[in-house]
There are 2 protein chains.
Amino acid sequence: MDTVIGIDGDDAAVQFERLAILGVGLLGGSFALAARRARLARHIVGYSKSPTTTRTALERGVIDEEADSALRAVHGADLVLLAVPVASTADLLKQLRHGLEPHALVMDVGSTKGNVVAAAQAQLGARQSQFVPCHPIAGKEKSGVLHAEAGLFDGKRVVLTPLPANSDSLVDIATEAWEAIGGVVSIMSPQEHDAAFAAVSHLPHLLAFSYVYALSSQPQGSAFLQLAGPGFRDFSRIAGGDAQMWRDILQANRDDVLHQLHLYKQALAGFEAQMRQGNWAAVESLIRRASQVRQGWDAPSAADDDV
Amino acid sequence: MDTVIGIDGDDAAVQFERLAILGVGLLGGSFALAARRARLARHIVGYSKSPTTTRTALERGVIDEEADSALRAVHGADLVLLAVPVASTADLLKQLRHGLEPHALVMDVGSTKGNVVAAAQAQLGARQSQFVPCHPIAGKEKSGVLHAEAGLFDGKRVVLTPLPANSDSLVDIATEAWEAIGGVVSIMSPQEHDAAFAAVSHLPHLLAFSYVYALSSQPQGSAFLQLAGPGFRDFSRIAGGDAQMWRDILQANRDDVLHQLHLYKQALAGFEAQMRQGNWAAVESLIRRASQVRQGWDAPSAADDDV
């Protein structure tokens, strides 16, 4: 049951006997495939709320074994990955906590961390020391195990937001696990994480949803959409995100998102005021500032995946 | 001087003896290269405010001849293309009007049409009948003749907004000219054009500028930017646009943009109100509506160019 630190050059530096994937969707399935590729885990068991999903994952060789409950899945597992919508984290932890092995490392993949930390502290009690909250910045437009791929985390940033109860060595093991499957690990507090992602991901989604909603609600919306080009395509791409997932994220990170929204509305009001007053030199100067920032931004290596 | 309608299968159906490009930048230079490729014009003369630009275009074979004024450039030309920032249109027309041949077709490439039409009517008088306003929906992140390419208009939509004074046959010739270099022509009124592009292009630019401005104005803005991923990359790409060009466009299409901004702020306020009231089912339903619209949108064939 103990974690084996291997020395074989072909294998991952850290290895697990039994990996339990709870929620075998795009991220859970990709973690399983990546773990298999990197020989991070010898045996992979999967559980999903929908038995069809688990069955598909088994048939496709994503997992080695299906479990019929979260409790059974974590039995004997030394690595447990929660890959469910963030709003389901508390429920899932409640289901599995009595089966959790005392030496198991538990990680998640949620896009918000404050609520996940709260769920872990509420549901796991003293065992919260085993739970290292994680957020791999990886994904795709399409969800589901059928789109899972072993390379999904290659070169992608993975943010770890350790709890005070986590030992340094457990955080090291979590780091090595993500690195073994291609991730690049950053460590910060859950608060820093949520504040940053409200700014660079959650707010843009809210703005893109609102924009497409406003556009399509006009009498001429459909006609306008037919004239839309590449600028529209890229600006609005994230508006195609999954409604339930993004509802969960906006709910979980409500306060940080509303704070970012406040700052954004101030900036937008500044642009609007200058336009209404006809201060076109001021408008140009505001645009130039934004344009210079954007042009100076170094895109991450990831070329075609979504947050 | 008359337009030659060719019958040779290798050549364009419509041909011009002498094409004058006024403003040999990305769009003007690309039109010249495309016209040469399609044998749309036998001889191409170029004029730019900066002699260095015209010289570069000549040295690179983009144009055959450089003119030292707009007036000289249009002398003898049966096709004149204005490819300057929209705010410079009136000035340019004033410079060239006394040299314009009576049978020349004049076109532009401006992203706004109401102000271009007003400039043409004010500066050209009765000769406005020769001016067919055009907007090719093509471009690149990078400007300048060095980035010009013959294929820039391939498969791209080109909106023509004819004036009441234009003859049907002149509009047909303009259509054939754009089709000869790969464009797909749509015809609408200047008002329809400006309303539509306020919605699908100008407002998104304003929102992206405001967003990047707000993000970078925060104390932690730089730190946040380092965590930004592919969602941010695509949403904010258009914020990297040229400040002067976008100042001109927002100024030229101010009323339509402010109208779209009003509708957008209403939608955003709707999202915010539901978030503040904790109506998460309502938030999910708003997101779902936007997500369905975006997923149902057919992107144009153009894969990597900007509006």
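Residues numbered from 1 in each chain as written. Chains lettered and ligands numbered in written order. Predicted model: local features only at pLDDT ≥ 70, side-chain atom pairs only at ≥ 80, totals over all residues.

1. Section: the overall build of chain A
Of the regular secondary structure elements, chain A holds 12 helices and 10 strands. Here chain A has a C-alpha radius of gyration of 21 Å; the compact-globule value for 307 residues is 19 Å, and the two agree. Seen through its principal axes, chain A has C-alpha atoms that stretch 70 × 40 × 40 Å. Relative to its 307 residues, chain A shows a buried fraction of 56%. Of the contacts formed within chain A by residues at least 6 apart in sequence, a portion of 76% connects residues at least 24 apart. (Helix = DSSP H or I, 4+ residues; strand = E, 2+ residues; numbered from the N terminus. Rg over C-alpha atoms; globule rule 2.2 N^0.38 Å. Buried ≥ 20, exposed ≤ 12 C-beta atoms within 10 Å, placed from the backbone. Contact = placed C-beta atoms within 7 Å.)

2. Some details on the sheet that holds strand β8 (residues 134-136) of chain B
All names here are of chain B. Pairing is mixed across the open sheet formed by 3 strands, whose spatial order is β8-β9-β10. A single partner strand is all that each edge strand has here, and the edge strands are β8 and β10 (184-187). Within the sheet, the average angular offset between the axes of one strand and its neighbour, ignoring direction, is 20°. Contacts from helix α6 (residues 168-180) reach β8, β9 (157-160) and β10, with the element oriented near 165° to β9. (Pairing = 2+ DSSP bridges. Axes fitted to C-alpha atoms, helices over the stretch in contact; angles between N-to-C directions.)

3. Here's the deal with helix α7 (residues 190-216) of chain A
Residues and elements named next belong to chain A. When the terminal C-alpha atoms of α7 are compared, their 36 Å separation across 27 residues agrees well with the 39 Å that a helix rising 1.5 Å per residue should span. The sharpest bend along α7 reaches about 55° and sits at Ala 198. In terms of burial, α7 is a largely internal element, 25 of the 27 residues being buried. (Expected span 1.5 Å × (residues − 1). Bend = angle between axes of the 7 residues up to and from the residue.)

4. Examining the relation of the copies chain A and chain B
Here chain A sits on chain B after a turn of 180° about the axis and a move of 0.0 Å along it, with an RMSD of 0.1 Å. Taken together, the rotation and translation describe the operation of a two-fold axis. Taking C-alpha positions as reference, the residue of chain A nearest the rotation axis is A:Phe235, located at 2.0 Å. A symmetric contact is evident, with 99% of the interface residues of chain A recurring at the interface of chain B. (Least-squares fit on C-alpha atoms with pLDDT ≥ 70 in both.)

5. Notes on the interface of chain A and chain B
Contact with chain A, which involves 74 residues of that partner, is made by 73 residues of chain B. For the side of chain A that touches chain B, the elements supplying multiple residues, two or more each, are α7, α8 (221-226), α9 (230-236), α10 (243-252), α11 (254-277) and α12 (280-296) of chain A. Element by element, the count of residues in the side of chain A that touches chain B is highest for α7(A), at 18 residues. In terms of residue class, the side of chain A that touches chain B is made up of 46 nonpolar, 16 polar and 12 charged. (Nonpolar A, V, L, I, M, F, W, Y, C, P; charged D, E, K, R; others polar.)

6. Observations concerning helix α11 (residues 254-277) of chain B
The terminal C-alpha atoms of α11(B) lie 34 Å apart, and with 24 residues this matches the ideal 34 Å at 1.5 Å per residue to within 8%. For α11(B), the set of buried residues is B:Arg254, B:Asp256, B:Val257, B:Gln260, B:Leu261, B:Tyr264, B:Ala267, B:Leu268, B:Phe271 and B:Met275. As for α11(B), its buried residues are in contact with α7, α10 and α11 of chain A together with α7 (190-216), α10 (243-252) and α12 (280-296) of chain B. Within two residues after α11(B), B:Gly278 carries a phi angle of roughly 75°, on the positive side.

7. Considerations on the domain arrangement of chain A
Residue and element names in this part refer to chain A. The domain architecture assigned to chain A consists of domain 1 (4-188) and domain 2 (193-296). For domain 1 and domain 2, the distance between their C-alpha centres works out to 33 Å. Between domain 1 and domain 2, the contact holds 14 residues from the first and 11 residues from the second. (Domains from an automatic or database assignment.)

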